[in-house]
Amino acid sequence: MEDFAILHRKFTKALLKPQHEVPEGLIAVKVPNIGRRFDVYRNNVMASLVEALKANFPIVSALVGANFFNGLAVAFISDNPPVIPMLFRYGVEFPAFIAEYPSGASLPYLSDVAQLENHWRAAYHAGETQSIDITAVQEFSPEDQMNLVFEIHPSASILKSGWPIYSIWQGHESGDMGQINLETSENVVICRPQVDVMLASLNEDACVFFRQIMNGQTLGEAYGAAAEKNEEFDLSYSFGQLFAMGLVTGLSVKN
Amino acid sequence: MKNLNPSKLVIAGAIAAAISSFAVATPAFAADVEKCYGVALAGENDCKAGAGTSCQGTSTVDFQANAWKNVPAGTCESIENTDGTMGSLTDMKM
C-alpha cells in the first residue's frame, strides 16, 4: 500500500507538469506504450483546466489572444491546481500570478483586469437579497439621515486600480474598445442586485464615500471623508448611485 | 477652505436632490423581475460537453509541448497609450 501511495503522489505530480517523465511503476494491460496513454490523460486534465480558466477570465483571454492565454494558463495551472471542487472559483490567485509573469510585462493592466473578473464572478455567484429604494430615506429626519448606516448587498464589492479597468471591461462588453487612455485610473463598484452583474466606475472621492458606507460608517462620516478628499465631492450623485446600483438592502440609525 | 464638518442641511439637501433625480430615472428594485433559477451562463451550471471535457484533446498533445509563442495578440492591440507603447505585438521583455 505504501508503494501505491508513492506512485499516486508521483502520478498527480507528473499530471500537471508536461515536462515531467511518466511516473515509474505505471502499468497498463495490453498497452505497449504507457507513456502515450499517460500523455493523453495528462493532456485532458490540462485542457479541461485551461478551458475552465478561459471561462472564468474571458476578458483576459480576449485581451491576450488564444496562444498567449494558453501559455499563461498552463504555467499557472502547473503550480496552482484547483484546491476546491468548484471550478467557478478557480483562479483566485490568477491575478497575482499574472502580475509576476515575465512575458506579461507589456500589458501591465492585465492583472487588474483579471482581478475585476474575479470580482465579477464572485458577485455573479453571491447570495440574493432584495435591495431597497432610495425613497426609503425620506422616512428619516435630517438629524437621523446624518447618522444613517447602510446594510450592504452581499454581492457588492469595490476594486481600486491604477489602470482604466472599467473602460477595458466596457469595451469588451460593447465589442468596441474605442480609444482607451492607459494613463487613466479607474475604480469600480460591482453589484448584482438582480439577475445581471452591474459595474460602475467611481472617481477617487466617490470611491472613498462608497468604501466608508460599505465599511459601516455613517452617512455623515462618509460624506466628511469624501469631502476631505475633494471639496467638490458630489454627494447627491454618489448617494443616488449607491441606490441605483442596488447596494443598499437596509437602513438604520446609529446613535 | 470650506468647513468640512458635514452639516445636516447639506446632507438633507443632497438626499432630496438625489431622490428627485434618481427615483424617476432608476428602475425600482421591486420583485417585478423573476429570476429564472437554473438558467446560468452557458456551461456554468450544466455538464459542459465539448471543449474541456474528457472527450476533448484525446487525439492531440497540445499542452505537452509548451511550444506557444509568448506574445499577446488579442484585443490588447487596440488599446494604445498616448505614446503608443502599450499593447504592442512585439514581445517587450523587460
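Each remark here, short or long, concerns the structure printed above.
Novice: Could you clarify how one ought to interpret the nonpolar core in this entry?
Specialist: Soluble globular proteins tend to pack their nonpolar side chains together in the buried interior. Of all hydrophobic cores here, the largest spans 47 residues; its most connected members are A:Leu53, A:Leu63, A:Ile77, A:Tyr109 and A:Ile168. Among the elements that take part in this core, helix H4 (residues 66-79) of chain A stands out by supplying 7 residues, more than any other. Looking at which domains feed residues into this core, each of domain 1 (1-107) and domain 2 (127-255) of chain A supplies at least three. Other than its neighbours up to four places away in sequence, A:Tyr109 contacts A:Leu63, A:Trp163, A:Ile168, A:Leu182, B:Cys76 and B:Ile79. Formed by 34 residues, the second largest nonpolar core is a distinct cluster that contains A:Ile158, A:Leu247, B:Ile11 and B:Ile15.

Novice: When you look at the environment of A:Glu231 in this model, what are you seeing that I'm missing?
Specialist: Residue and element names in this part refer to chain A. Mapped onto the elements, glutamate 231 comes out in the loop between helix H10 (219-229) and helix H11 (235-244). Relative accessible area serves as the criterion here: at 33%, glutamate 231 is assigned to the partly exposed category. When the C-alpha atoms of glutamate 231 and serine 157 are compared, they prove to be 25 Å apart, with 74 residues separating the residues in sequence.

Novice: Please clarify how H4(A) should be interpreted in this entry.
Specialist: End to end, H4(A) covers 20 Å across 14 residues, agreeing with the expected 20 Å (1.5 Å per residue, within 8%). All buried positions along H4(A) are accounted for by A:Phe68, A:Phe69, A:Asn70, A:Gly71, A:Leu72, A:Ala73, A:Val74, A:Phe76, A:Ile77 and A:Ser78.

Novice: Explain the pattern of salt bridges to me, please; I cannot follow it from the model alone.
Specialist: Close approach of charged atoms allows side chains with opposite charge to pair. All names here are of chain A. Tallied over the full model, the rule gives 5 salt bridges over all chains. With its nearest N and O atoms 2.9 Å apart, the salt bridge here joins arginine 192 to glutamate 128. Of the two residues, arginine 192 sits in the loop between strand S3 (187-191) and strand S4 (198-202) while glutamate 128 sits in the loop between helix H6 (110-125) and helix H7 (142-146), which places them 64 residues apart along the sequence. Since its relative accessible area comes to 41%, glutamate 128 is described here as partly exposed. Residue glutamate 204 pairs with lysine 160 through a salt bridge whose shortest N-O separation is 3.0 Å. Of this pair, glutamate 204 sits in helix H9 (residues 204-214) while lysine 160 sits in the loop between strand S2 (157-159) and helix H8 (165-174); the two residues are 44 residues apart in sequence, bridging distant segments of the chain. Lysine 160 sits in the partly exposed class, given a relative accessible area of 38%.

About the criteria used
Residues numbered from 1 in each chain as written. Chains lettered and ligands numbered in written order. Predicted model: local features only at pLDDT ≥ 70, side-chain atom pairs only at ≥ 80, totals over all residues. Heavy atoms only, no water. Core = buried A, V, L, I, M, F, W, Y, C linked by side-chain atoms within 4.5 Å. Buried < 20%, exposed > 50% of the residue type's maximum accessible area, 1.4 Å probe, protein only. Helix = DSSP H or I, 4+ residues; strand = E, 2+ residues; numbered from the N terminus. Domains from an automatic or database assignment. Contact = heavy atoms within 4.5 Å. Expected span 1.5 Å × (residues − 1). Salt bridge = Lys/Arg side-chain N within 4 Å of Asp/Glu carboxyl O.

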